[in-house]
Amino acid sequence: MAAAFADILDRINRDSIGLLADAVATWQGRCANVVFDRRYVNALGVASSNPVIRALDDSFPGVMVGDTIHVAGEDFTVASIEPDGAGVMLLHLERAA
Amino acid sequence: MAHVRKQVRDALKAALTGLPTTGARVFVSRPEARPLQSSELPALLIYMGDESVAPLRPSQAWPQLLRRTLSPLVDLVLAQSAAADDTADQAINEIETALSASESAARLGGLMPEGFLLRGISPMREDAAGETPVHRITLVFQGDTFTAANAPGVAL
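The rules behind the values
Residues numbered from 1 in each chain as written. Chains lettered and ligands numbered in written order. Predicted model: local features only at pLDDT ≥ 70, side-chain atom pairs only at ≥ 80, totals over all residues. Heavy atoms only, no water. Helix = DSSP H or I, 4+ residues; strand = E, 2+ residues; numbered from the N terminus. Contact = heavy atoms within 4.5 Å. Buried < 20%, exposed > 50% of the residue type's maximum accessible area, 1.4 Å probe, protein only. Pairing = 2+ DSSP bridges. Buried area = accessible area lost by both parts, 1.4 Å probe. Salt bridge = Lys/Arg side-chain N within 4 Å of Asp/Glu carboxyl O. Polar contact = N/O pair within 3.5 Å; in protein donor to acceptor, adjacent residues only side chain to side chain.

## Looking at the overall build of chain B
Helix and strand counts for chain B come out as three helices and six strands. Order of helices (α) and strands (β) in chain B, N terminus to C terminus: α-β-β-β-α-α-β-β-β. Viewed in the frame of its principal axes, chain B has a C-alpha envelope of about 60 × 35 × 25 Å. Summarising the internal contacts of chain B: among those between residues at least 6 apart in sequence, 60% fall at separations of at least 24.

## Some words on the pairing of strand β1 (residues 23-27) of chain A
All names here are of chain A. Residue alternation in β1 divides its side chains into a buried set, A23, A25 and W27, and an unburied set, V24 and T26. Bridge count for β1 against strand β2 (residues 30-43) is five bridges, and the pairing is antiparallel. Bridge pairing in β2 links W27 to R30. From the end of β1 to the start of β2, which pair antiparallel, there are two residues, and Q28 there has a positive phi angle of about 50°.

## Focus on the interface of chain A and chain B
At the interface, 16 residues of chain A touch 18 residues of chain B. Counting each side, the surface lost to burial between chain A and chain B is near 1,300 Å², with a carbon and sulfur contribution of 54%. Of all residues in chain A, L44, V46 and R95 of chain A bury the most surface against chain B, accounting for 44% of the area lost on that side. The interface formed by chain A and chain B contains two salt bridges. With its nearest N and O atoms 2.7 Å apart, the salt bridge here joins R38 of chain A to E131 of chain B. The interface formed by chain A and chain B holds eight residue pairs in polar contact (both at pLDDT 80 or more) in total.

Given below as structure tokens:
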């Protein structure tokens, strides 16, 4: 039963990322479809954006904070990794130095 | 004649414009609706803090002479980097030096005859929500101006 639900969850994750993906991210030569969000934020009175990638866990296995990811024509540094525990992870990005 | 509060803000801006680290990026009372852009960093933001007003002599006849203790605030805003602390300290060095460069500067051009002093520096605050983390430090200054109650724009 648990294995069957895990399969369903995996299928849902792949289908949703597949439908919602709006960008291709590249990490260490590995490409994957991702949902790229870059909403406006005000950081201590400075206008900025908050770039975030939503991807399947197995899109970038072993990705670490500090790694470089290329998406939407720019290089970013992975600032934090937030797995949701159900097969999808959020990568919060910073502009690469 | 503008209120001495404005005169103090304007005098601060004049004294702090053109410093090596922050250059011409000195803003007075910049509204929240117009946040800084990353291209404008590092920058100084000048705004007025608390002010206390007291008569010099409570029983004095009209017009009373007032001692106005002003606390102008200068915020240093800079992008995060490995050398952010050093950059901030360099900017603070330049600010303190500029405001003590002469007797006139130390009295804010005569607006504060008893001296204009740095009273404190806040811890460096960081916000990493943006694509480039930002740091902000507040420098708190203090000095006294003297005006007549019926002429708040004339520094005595």
